[in-house]
Amino acid sequence: MEIFGIPTQALFGQLLIGLINGAFYAMLSLGLAVIFGLLNVINFTHGAQYMMGAFCAWLLLEQWGVGYWWSLVLAPLAVGLTGVLIERTMLSRLYKLDHLYGLLLTFGLALIFQGLFTNYYGSSGQPYRLPEEFAGAFNLGFMFLPKYRAWVIVASVVICVSTWFVIERTKLGSYLRAATENPALVQAFGINVPRMITLTYGFGVALAALAGVMAAPIYQVNPQMGANLIIVVFAVVVIGGMGSILGAIITGFGLGIVEGLTKVFYPEASNTVIFVVMVIVLLIKPAGLFGKER
Amino acid sequence: MTIATTSGAVSHPRTMWIATATMTVALVLAPVLGVYPVFLMKALCFALFACAFNLLIGFGGLLSFGHAMFLGTAGYVCAHAAKEWGWPPELAILAGTLAAAAMGGVVGLLAIRRQGIYFAMITLALAQMVFFFCLQAPFTHGEDGIQAVPRGKLFGVLDLSNTLVMYYVVLAIFLAAFLFIYRIVHSPFGQVLKAIRENEPRAISLGYDAERYKFLAFVLSATLAGLAGATKAIVFQLASLTDVHWTMSGEVVLMTLLGGMGTIFGPVVGAFTIIGLENYLAGFGSWVTVITGVIFVVCVLAFRRGIVGELAAWWARRRG
Amino acid sequence: MNTFKRTMVGLGVASALAIGTAQAQVSDGVIKIGVLTDMSSLYTDLAGAGSVAAAKLAIDDSGIEKRGYKVELVSADHQNKPDIGSAIASKWYDAEKVDVIVDVPNSGVALAVNQITKDKNKVFLASGPASSDLTGKACSPNTVHWTYDTWMLANGTGAAVVKAGGDSWFFITADYAFGHALERDTEAVVLKNGGKVLGKVRVPLNNQDFSSFLLQAQASKAKIVGLANAGGDTTNSIKQAAEFGIVKGGQSLAGLLVFITDVHSLGLPTAQGLNITNTFYWDQNDASRAFSKRFEAVDKGIHPTMVHAGVYASILHYLKAVEALKSDSDGAKIVAQMKATPTDDPLFGKGTIRIDGRKIHPAYLVEVKKPSESKGPWDYYKVKATIPADQAFRPLADGGCSLVK
């Protein structure tokens, strides 16, 4: 059977792969959107923190035999803590300055982390063993879908939706959003705004690390894995709207699908399509699809 | 946008001329004194690149995170012209520079309407598009790059395959561009640009078309970056993807930040420092990346005025 | 003259007086060998630190230092980038007086180094790269292409697979000089033997996720998915092909360039049955086993790949030529001497170097053993056929090399 001249097998196969990539775009841009939304900081280190999450999981497995499920909790905690440290010691000094300094600082940090890991581990990937529960694939007829990749889609949707829920529908989330609008007023109400900011940064970083753990079995654990991804994730956040959680999630998954489609019809452009979309959106609606002009 | 820049107050003309003369003499004598000329040429090309970038951010107040697209594209065009079309070096470099200017015009039209972060993001996105174009286009040969670019004879007379001759040609190009930038900055155009950087609404209220000035600054910056890229392609006889990769855009930001944004000599100092560091650390693998990152962090946290900026501030304090 | 030069010349003169004219014409009194390799990226296991170790073994085994010559070894990481590789090569030749560069396991970098070596009249012992262009349209009187090349691989593995019934192919190709050359040479073999190429896809070097490319291969319904890549790229492709049920769905994989380190990292359950063409196997005879034992001791228990063996053998032959000429300064002359002397080393046996710079030796078509057939780690290959030296490499006339009249 063919749709637009492409056999459905190829089409659905690439769409599914695209959806998996989209899951990672969504998780990563979610963390980035949360951080920008509250801190007005463009966290260029996000890619490196994603990479550190993956390395943490790999180290936990190689050195201490700690498995995948534990790593899903421990790695984000560990990397999130480093995030807290970064915010307390460095980022907090830059809030009164232009946003771009935050970008430059986090860019420098990304280089440091990436360089350190490349020095110790080389730049080809370390294999991460698939957890036993996920061996095998679902035979969908038009392709074999490895069980693990199916899990990734499900898990990322759950994570994204729960994060959105917490921020948009709970009391804690409303404090966060209020503090973005008017920190002085919220502080006057007795809420410890600086601490909330620190924890928010830590949370965003932990999300990146969580994405890293989930990526480890698929993309191998290698120091460059974040660098390749970070620019794309930026584009996603800008398209979605820089502070918008919903925008990040929808654009992330959407982009994965668009990329998958491009791979079928015009594979050479699959890397560039996201940037074309971004330029168009920026020209028409500069605040992004779901964003509010600041 | 208010990135910390040193005001022009300390750039007293006499100090400038003394500094320029010292720099020129030092660079003229360097190869004779035993410094490896290929290293110097690399540093000069990057110094020019950084000066071009500084024109945009230091004097125009616009942070472009995609300047590598101009450096790299000019390099590819120049290399292709010299190798495949057999053009002499001066025409090949001109071709590269003009290609960068044209690209600067297109990108400028798209990007100038936006400010601050959005401007940076647009330039980054467009630079990525250029990167992927260079990756796919057959004439760039992807990962292998354009190799064995002939040096040729400049104006049919000067044999550029002689390293020393090549060096002095590069030095001449650099000095010419450097003086050109100096003239721009100290011209009425440069003053208006600075006014727009300090307070755009006020400049507009005074009747200046801010967008047009910013656009012109952008195109100038792109053209000079292209000149650096084209020259580099001839020097190293190679055009590769490294020159259009976004980390190259980051590197020029670092050089300018370290040297001192908004100063005339800052980018030169920054470029020489970074290239020198990379050269020295070349045997140590990825430590270069780490040290680069550390310098970024330190500069942003504690050293925002950069080397030349801090020197200028200290000098100003001394004079009272 | 600065102090260093003075000291070196002084030493040179002193030893010359002591031992005879042995050192008189060796440039700066030292034969300096540069191992330019991949120390940090996807080819680091098959070359990398092992190549440096092999180089050291070769220098020791040549005994040349006992006969009054000084040999120095330097190494650097080209990171698979031609601009970095050519910058290192230029600096080595210009400023650090390196006389010969060896290894370079990346065809893009190798082509750049090939050009620079010719311009500066030094020597390039290309024991790492694959592209057959090095003895074809890019051939040079200063370069010897050792070990293997893409033509040999295509006519070894490629021909064997086609003749066994794999007559429709889909290529997954590493998008740079090596991948293109391997794809081109293999496609020629497939077409010559009556097969068809149903499609190809180009993949960036050091890519981690092959899922969408493997899906395209699946959709093409080609009988054979040809992997025109190497090192980490190949192992990733093979592992992920297993995940996506490529083989279960009825297609076969052809790893066109596979090293024993790749088989080791894949493990026999995944790699069994793969057809591979190599020119050296550590377990092929007593001499190779002896070399392997010494190699393992200095390279963390890794057994030598044919690239490591190539570094060893090429340096051995180079030093013989330098000693015969009593000079290391004229690269083209040394290579001419190397071509005039037949080779004989414990790893590749007897062979010759042709006028186009191609080193000739027999090739072995091997199959990866099943786990039950292997007696222990690194016992991975069973030799199915030996391709004699005169048939293993592209005929002299077909390459388009300007040195062949």
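Residues numbered from 1 in each chain as written. Chains lettered and ligands numbered in written order. Predicted model: local features only at pLDDT ≥ 70, side-chain atom pairs only at ≥ 80, totals over all residues. Heavy atoms only, no water.

From N to C terminus, chain B includes 13 helices and two strands. Reported as C-alpha extents along the three principal axes, the dimensions of chain B are approximately 55 × 45 × 40 Å. Going through the 320 residues of chain B one by one, you find that 59% of them count as buried. Taking the contacts inside chain B whose residues are at least 6 apart along the sequence as the reference set, 79% of them involve residues at least 24 apart. As presented, chain B carries roughly 12400 Å² of accessible surface, and 67% of it is formed by carbon and sulfur atoms. In chain B, 19 side chains carry a positive charge and 13 a negative one; their mean positions are 13 Å apart. (Helix = DSSP H or I, 4+ residues; strand = E, 2+ residues; numbered from the N terminus. Buried < 20%, exposed > 50% of the residue type's maximum accessible area, 1.4 Å probe, protein only. Contact = heavy atoms within 4.5 Å. Areas by Shrake-Rupley, 256 points an atom, 1.4 Å probe, with all protein chains shown as cover. Lys, Arg positive; Asp, Glu negative; His and termini not counted. Charge placed at Lys NZ, Arg CZ, Asp CG, Glu CD.)

Here the focus is the confidence of the model for chain A. Scored by pLDDT, chain A comes out at a mean of 87, with 97% of its residues at no less than 70. The lowest-confidence element of chain A is strand S1 (residues 2–3) of chain A, averaging 61 in pLDDT; the highest-confidence one is helix H2 (residues 46–64) of chain A, averaging 94. (pLDDT = per-residue confidence, 0-100.)

Looking now at the packing of aromatic side chains. Per the counting criterion, the structure on display carries 44 aromatic pairs over all chains. Measuring from ring centre to ring centre gives 6.0 Å for Trp378 of chain C and Tyr380 of chain C, while their planes differ by 40°; the resulting arrangement is tilted. Here Tyr380 of chain C falls in the buried class, since its relative accessible area comes to 7%. Pairwise contacts between aromatic rings join Phe44, Phe107 and Phe234 of chain A together with Phe65, Trp246 and Phe296 of chain B into one cluster. Sitting above the plane of the Phe138 of chain A ring, Lys147 of chain A keeps its charged end 5.8 Å from the centroid. The cationic tip of Arg304 of chain B hangs over the ring face of Tyr101 of chain A; the distance from NZ or CZ to the ring centre is 5.5 Å. (Phe/Tyr/Trp six-rings, centres within 6.5 Å; stacked < 30°, edge-to-face > 60°. Lys NZ or Arg CZ within 6 Å of the ring centre and 35° of its normal.)

Taken together, the contacts link 40 residues of chain A with 39 residues of chain B. Summing both sides of the interface, chain A and chain B together bury roughly 3700 Å²; the carbon and sulfur share of this comes to 82%. For chain A, the biggest contributors to the area lost against chain B are Leu100, Tyr101 and Leu104 of chain A; these three give 17% of the whole. Here chain A is connected to chain B by zero salt bridges. At the junction of chain A with chain B, the criterion picks out one residue pair in polar contact (both at pLDDT 80 or more). Residue assignment for the side of chain A that touches chain B shows that the elements contributing at least two residues are helix H4 (99–121), helix H9 (225–240) and helix H11 (273–284) of chain A. (Buried area = accessible area lost by both parts, 1.4 Å probe. Salt bridge = Lys/Arg side-chain N within 4 Å of Asp/Glu carboxyl O. Polar contact = N/O pair within 3.5 Å; in protein donor to acceptor, adjacent residues only side chain to side chain.)

All names here are of chain C. With seven of seven residues buried, strand S1 (residues 31–37) lies mostly within the body of the structure. Of the two faces of S1, the one holding Ile31, Ile33, Val35 and Thr37 and the one holding Lys32, Gly34 and Leu36 are both buried throughout. Bridge count for S1 against strand S2 (residues 71–77) is seven bridges, and the pairing is parallel. By the bridge assignment for S2, Val35 is matched with Ser75. Taken together, S1, helix H2 (residues 48–62) and S2 constitute a β-α-β crossover, and its handedness is right-handed. Where S1 meets strand S3 (residues 100–103), four bridges bridge the pair, whose relative direction is parallel. Looking across to S3, one finds that Gly34 is bridged to Ile101. (Pairing = 2+ DSSP bridges. Right-handed = clockwise from strand over helix to strand, strands pointing away.)

Residue and element names in this part refer to chain C. The full count for this structure, using the stated rule, is one disulfide over all chains. Here Cys139 engages in a disulfide with Cys401; their sulfurs sit 2.0 Å apart. Handedness here is read from the sign of the S-S torsion; for Cys139 and Cys401, about 85°, the answer is right-handed. Of this pair, Cys139 sits in the loop between strand S4 (123–126) and strand S5 (143–145) while Cys401 sits in the segment after helix H14 (389–392), and the two are 262 residues apart along the sequence. (Disulfide = S-S within 2.5 Å.)

Here we take up the nonpolar core. Grouped together as the largest cluster of nonpolar side chains are 228 residues, with contacts concentrated most on Phe24, Phe44, Tyr50 and Met214 of chain A together with Phe70 and Phe174 of chain B. When residues in this core are grouped by element, the largest group, 18 residues, is from helix H2 (residues 37–59) of chain B. Residue contacts for Phe44 of chain A: discarding those within four places in its chain leaves Leu103, Thr106, Phe107, Ala110, Ile230, Ile231 and Phe234 of chain A together with Phe65 and Trp246 of chain B. Membership of the second largest hydrophobic core comes to 103 residues, among which are Leu227, Ala321, Val366 and Tyr381 of chain C. (Core = buried A, V, L, I, M, F, W, Y, C linked by side-chain atoms within 4.5 Å.)

This part covers the interface of chain B and chain C. Facing the nine residues of chain B at the interface are 16 residues of chain C. With both sides pooled, the region where chain B packs onto chain C buries about 1100 Å², and carbon together with sulfur makes up 52% of that total. Contact with chain C buries area across many residues of chain B, yet Tyr36, Glu143 and Asp144 of chain B alone supply 46% of it, more than any other trio. Taken together, the connections running from chain B to chain C amount to five residue pairs in polar contact (both at pLDDT 80 or more).

Here we take up the pairing of S4 of chain C. Residues and elements named next belong to chain C. Burial along S4 is two-sided: Val123 and Leu125 and Phe124 and Ala126, pointing in opposite directions, are all buried. Alignment of S3 against S4, held across three bridges, turns out to be parallel. Among the inter-strand pairings, Ile101 is bridged to a residue of S4, identified as Phe124. Handedness of the S3-helix H4 (residues 107–120)-S4 crossover: right-handed. Pairing geometry for S4 and S5, over three bridges, is parallel.

With that out of the way, let us pick up the sheet that holds S1 of chain C. Residues and elements named next belong to chain C. The sheet built from five strands is open, its strands ordered S2-S1-S3-S4-S5 with parallel pairing. Each edge of the open sheet is held by one strand with a lone partner, namely S2 and S5. The average undirected angle you get between the axes of adjacent strands in this sheet is 20°. (Axes fitted to C-alpha atoms, helices over the stretch in contact; angles between N-to-C directions.)

Residue and element names in this part refer to chain C. If you walk through the whole model with that rule in mind, you get six cavities of 30 Å³ or more. Here the largest cavity defines a volume of roughly 80 Å³. The wall of the largest cavity is formed by 14 residues, among which Tyr43, Pro105, Gly128, Tyr148 and Leu257 lie closest to the centre. In the lining of the largest cavity, the residues fall into eleven nonpolar, three polar and no charged. (1 Å grid on protein atoms, 1.4 Å probe; cavity = no way out; pocket = protein on both sides within 12 Å on 5 of 7 lines; lining within 4 Å. Points joined across faces, edges and corners; volume = space filled by probe spheres on them. Nonpolar A, V, L, I, M, F, W, Y, C, P; charged D, E, K, R; others polar.)

Now for the sheet that holds strand S6 (residues 168–174) of chain C. Residue and element names in this part refer to chain C. Read from one edge of the open sheet, four strands run S7-S6-S8-S9, paired in parallel fashion. Looking at the sheet topology across the chains shown, the edges are occupied by strand S7 (196–203) and strand S9 (252–255). Strand-to-strand twist of the sheet, defined as the mean angle between neighbouring strand axes without regard to direction, takes the value 20°. Sheet topology places S6 next to S7; seven bridges connect them, and they run parallel. Across the sheet, the residue bridging to Ser168 is Lys196, located in S7. Strands in contact with helix H6 (residues 177–192) are S6, S7 and strand S8 (224–228); relative to S6, the strand with the most contacts, it is inclined by about 170°. Seen against the sheet, helix H7 (residues 211–220) touches S6, S7 and S8 and runs at an angle of roughly 165° to S6.

All names here are of chain B. In this model, chain B carries a mean pLDDT of 89, and residues with pLDDT of at least 70 account for 96%. Counted against residues more than four places away or in other chains, residues 6–10, with its pLDDT under 50, gives nine contacts. Confidence estimates for the predicted assembly give a pTM of 0.87 and an ipTM of 0.87.

Quick look at unusual backbone geometry now. Residue and element names in this part refer to chain C. Here Gln79, not a glycine, exhibits a phi torsion of approximately 55°, which is positive. Here Gln79 is to be found in the loop between S2 and helix H3 (82–95). A positive phi angle is found at Lys97, which is not glycine, with a value near 60°. Overall, the relative accessible area of 31% leaves Lys97 in the partly exposed class.

Once that is clear, we can look at the packing of H2 of chain B against helix H10 (residues 246–259) of chain B. Residues and elements named next belong to chain B. Close contact between H2 and H10 brings their axes to 9 Å; oriented N to C, the two are set at 80°. Compared by their axis directions, H2 and H10 come out roughly perpendicular. On H10, the residues that touch Phe46, Phe49, Ala50, Phe53, Asn54 and Ile57 of H2 are Met248, Val252, Val253, Met255 and Thr256. Tallied by class, the residues present in the contact of H2 with H10 amount to nine nonpolar, two polar and no charged. (Parallel < 35°, antiparallel > 145°, perpendicular 65-115°, else oblique.)

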